[in-house]
Amino acid sequence: MECMSRPDMEALQLERLKALVDYCDRNVAFYHKRLTEAGISADKIKTLSDIQYIPYTTKNDLRDTYPFGMFSVPKKQLVRIHASSGTTGNPTVVGYTREDMDNWSEQVARQVVAAGATDETVVQICFGYGMFTGALGLHYGLEKIGATVVPTSSGNTVKQLKFMRDFQTDAIVATPSYCLYLAEAAHESAEEFPMSSYNVRLGLLGSEGCTPEMRAQIEERWCNDFFVTDNYGMSELNGPGMSGECVYRDGLHICEDHFLCEIIDPNTGIPLDKGETGELVVTNLTKRGLPMLRYRTKDITYINYEPCSCGRTSARMHKVIGRSDDMLKIRGVNVFPSQIESALIGISQISPHYQLVVTREGFADALEVRVELVDGSLLTRYGELEALQHGIHNRIKAILGIEIKVSLVEPKTIERFVGKAQRVVDLRKEGKS
């Protein structure tokens, strides 16, 4: 499947798309109503481009039908239920049949093998277990290839490092920010436990964005030729396993026999041509417990359909550039946190931990970039501090093209996260400045 010709893959996708539309029409009242109103049925899907006539599905649709309104099977046919945290409303609930679980494990297995994992890998999963799909998704996929899984879950960094040393863990599953935090903690205890006591070689990182600059910093901090790969997924589409990097790291290979991907203009919803950058829309062609037609991910990326140097012919999505709903609009300019991260990474006097604070001053938005120093004594050396602050300001301004404020803060004062890092503090709605 990973090496099919483009015509054969598209023929398979068309066959599965027709079957999915028919399945949704017959088994999900929500989709039956949507498809009927749009005048769409399986027999009207003649080419893959006809997918454009199917209405989009959004996160709000899942919330509005909470908990099981979009499921296609009775609960007795489900073997797993996951859900989001629901911090901004009803959680999004997702369900899996036995077939879904088998497909999910297969998808993850492909990604971890492409990244370099084998049946000899000892992998420590530092994602939180529970309703979040990341930990168990990677767990089952890694077990499928015969890897040894250490399910430490998230938090308790001291014990995480102890197990890494004692078990000679050679792979880590974590968010990029927590993987970097683990490396920092390992260096802090290096007098007692030198970095040579760790055997980690592979980072299977996901759940949040990781710029090439941050990836390089993670690899440098862990030493030992540590190699970081990125994977992508979300609970609405199973979880991790939709796409992932191979050892060439030239885009994330999509499991195209399971997922049909489009790129659309996030403002108009109009599909874009191949190679253009926009919002990723995904149809999960083989999901049965919770089928998903044209799900708007809000993630901004583009897709490369050329074969990869690794030999796989599957399309590859570029690392997510940002989210359309996380994108900040400051004085008419679109700003993604990843742009600022790229400017900050590599400056030796600061840590990779930062925070973006957005306020409103009068009738204009203002952006403050809070950056954490490595050496707190620099705060008393005003000449050096001012020069560093000025240099960071100019680097960010050159990228964004707008005026910003840079604040340098003491070491360890910006919050660390064991899950997704929360980089943006938007105070505009609260009327704070």
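Refer to the structure presented above.
No experiment lies behind these values; they were computed from the predicted model shown.

*Asks:* Please clarify how the packing of helix H7 (residues 176-188) against helix H8 (residues 212-222) should be interpreted in this entry.
*Replies:* When two helices pack together, their arrangement is given by the angle between the helix axes and by the axis-to-axis distance. In the contact formed by H7 and H8, the axes pass within 9 Å of each other and the chain directions differ by 30 degrees. Comparing the axis directions of H7 and H8 gives the class roughly parallel. As for how H7 packs across H8, the hand of that crossing is left-handed. Of the residues in H8, those touching H7 at Pro-176, Ser-177, Cys-179, Leu-180, Leu-182, Ala-183, Glu-184, Ala-186 and His-187 are Met-214, Gln-217, Ile-218, Arg-221 and Trp-222. Across the contact of H7 with H8, the residue classes break down as nine nonpolar, three polar and two charged.

*Asks:* Sorry, what's going on with the pairing of strand E5 (residues 171-174) here?
*Replies:* Side chains on a regular strand alternate between the two faces of the sheet. Judged by which residues are buried, E5 turns out to be covered on both faces: Ala-171 and Val-173 on one side and Ile-172 and Ala-174 on the other are all buried. Across three bridges, the pairing between strand E3 (residues 122-125) and E5 is parallel. Within the sheet, the bridge partner assigned to Gln-124 lies in E5 and is Ile-172. Bridge count between E5 and strand E6 (residues 202-205): four bridges; the pairing is parallel. Residue Val-173 lies in a different strand from E6, and its bridge partner there is Leu-204. With H7 bridging E5 and the parallel E6, this β-α-β connection has right-handed handedness.

*Asks:* Quick question: what am I supposed to make of the environment of Val-73 here?
*Replies:* Considering the arrangement of structural elements, one finds Val-73 in the loop between helix H3 (59-64) and strand E1 (80-83). Sequence separation between Val-73 and Glu-276 is 203 residues; the distance between their C-alpha atoms is 37 Å.

*Asks:* How should I be thinking about the pairing of strand E18 (residues 350-361) in this particular structure?
*Replies:* E18 sits mainly inside the fold: ten of its twelve residues count as buried. Judged from the nine bridges that link them, E18 and strand E19 (residues 364-373) form a sheet pairing that is antiparallel. Within E19, the residue paired with Gln-355 across the bridge is Arg-370.

*Asks:* Looking at this structure, how should I read the packing of helix H4 (residues 98-115) against helix H5 (residues 133-144)?
*Replies:* Closest axis-to-axis distance for the H4/H5 pair is 7 Å, and the angle between their directions is 75 degrees. On the basis of the axis angle, H4 is roughly perpendicular to H5. Between H4 and H5, the contacting residues are Met-101, Trp-104, Ser-105, Glu-106, Val-108, Ala-109 and Val-112 on the first element and Thr-133, Gly-137, Leu-138, Tyr-140, Gly-141, Leu-142 and Lys-144 on the second.

The rules we used
- Residues numbered from 1 in each chain as written.
- Predicted model: local features only at pLDDT ≥ 70, side-chain atom pairs only at ≥ 80, totals over all residues.
- Heavy atoms only, no water.
- Axes fitted to C-alpha atoms, helices over the stretch in contact; angles between N-to-C directions.
- Helix = DSSP H or I, 4+ residues; strand = E, 2+ residues; numbered from the N terminus.
- Parallel < 35°, antiparallel > 145°, perpendicular 65-115°, else oblique.
- Left-handed = near helix turned anticlockwise from the far one by under 90°.
- Contact = heavy atoms within 4.5 Å.
- Nonpolar A, V, L, I, M, F, W, Y, C, P; charged D, E, K, R; others polar.
- Buried < 20%, exposed > 50% of the residue type's maximum accessible area, 1.4 Å probe, protein only.
- Pairing = 2+ DSSP bridges.
- Right-handed = clockwise from strand over helix to strand, strands pointing away.

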